[in-house]
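# Chains, contacts and geometry: an overview
Here are the chains, one letter per residue:
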Amino acid sequence: MITSGHRLPQGIQQRTLLPPAFNLHTSYPGSRYNVPVQKPCESGWTLFGNHCYLFEFSKVSWHATKKECERRLSHLVKIETSVENSFLTSMVTGCGGYKNFWIGLNDLTREGWYTWISDYSAVTYTDWMSGNPDNHHGVEDCCEIRGSNWNDVDCSVSYSFICEKNAD
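Residues numbered from 1 in each chain as written. Predicted model: local features only at pLDDT ≥ 70, side-chain atom pairs only at ≥ 80, totals over all residues. Heavy atoms only, no water.

## Topic: the pattern of salt bridges
- Applying the stated criterion to the full structure yields eight salt bridges.
- For the salt bridge of Lys165 with Glu42, the shortest nitrogen-to-oxygen distance reads 2.1 Å. With Lys165 in strand 11 (residues 159-166) and Glu42 in the loop between strand 3 (35-38) and strand 4 (46-48), this pair connects stretches of sequence that are 123 residues apart.
- Close ionic contact of Arg72 with Glu68 constitutes a salt bridge, the shortest N to O distance being 2.7 Å.
- When salt bridges that share partners are traced, they join Glu56, Glu68, Arg71 and Arg72 into one network. (Salt bridge = Lys/Arg side-chain N within 4 Å of Asp/Glu carboxyl O. Helix = DSSP H or I, 4+ residues; strand = E, 2+ residues; numbered from the N terminus.)

## Considering the state of the cysteines
- Per the counting criterion, the structure on display carries three disulfides.
- Two residues share a disulfide in this structure: Cys69 and Cys163, whose sulfurs sit 2.0 Å from each other. Negative torsions about the S-S bond denote left-handed disulfides, and the value of about -85° found for Cys69 with Cys163 makes this one left-handed. Taken as a pair, Cys69 in helix 1 (residues 62-71) and Cys163 in strand 11 lie far apart in primary sequence, 94 residues in all. Take Cys69 and Cys163: they sit in the same class, and that class is buried.
- Sequential numbering of the bridged cysteines in the protein gives the disulfide pattern 1-2, 3-6, 4-5.
- Cys143 takes part in no disulfide bond, and the closest cysteine sulfur, belonging to Cys142, lies 7.1 Å away.
- Under the relative-accessibility criterion, Cys143 is labelled buried at 0%. (Disulfide = S-S within 2.5 Å. Buried < 20%, exposed > 50% of the residue type's maximum accessible area, 1.4 Å probe, protein only.)

## Describing the environment of Glu42
- When its relative accessible area of 45% is taken as the criterion, Glu42 is described as partly exposed.
- Separated by ten residues in the primary sequence, Glu42 and Cys52 place their C-alpha atoms 8.2 Å from one another.

## Examining the environment of Val77
- Note that Val77 resides in the loop between strand 6 (75-76) and helix 2 (82-93).
- Setting aside anything within four residues of it in sequence, one finds Val77 in contact with Tyr53, Glu84, Leu88, Trp102, Ile103, Gly104, Trp116, Ile162, Cys163 and Glu164. (Contact = heavy atoms within 4.5 Å.)

This is the structure:
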């Protein structure tokens, strides 16, 4: 513990165990096992790997979620691996029941060509529900996590959403 009247700056907390993703601030006194660290994610965000995720339960359209994530200096989640997908689907299914969350995948530019809104890169990993994507009624251009899989859906539907940004 920090003693002798030293105070930690605002936003800095003292930890006994240091996960590798934390940034050390060694300009403050402390032993080798007890060093002040800065939180890698803001309050309300969840750290996984090198990214922070915000699970927002207010329900809005895909376009509104895109703007809301940008307002928070982030983007709609880009799912790149099965490990990241497993983390996200476990968080979604652990949210108290069956939930639908917008993700950043869409085929708004060209039907059937899915890209991530964060960087317009083509999708390389997928976890579609059986029979999807299906562009039901010709209006499904945005994507959601539905339970533990992905689904294409009409962008105007109101769902919860997941924002993502790099950890500090």
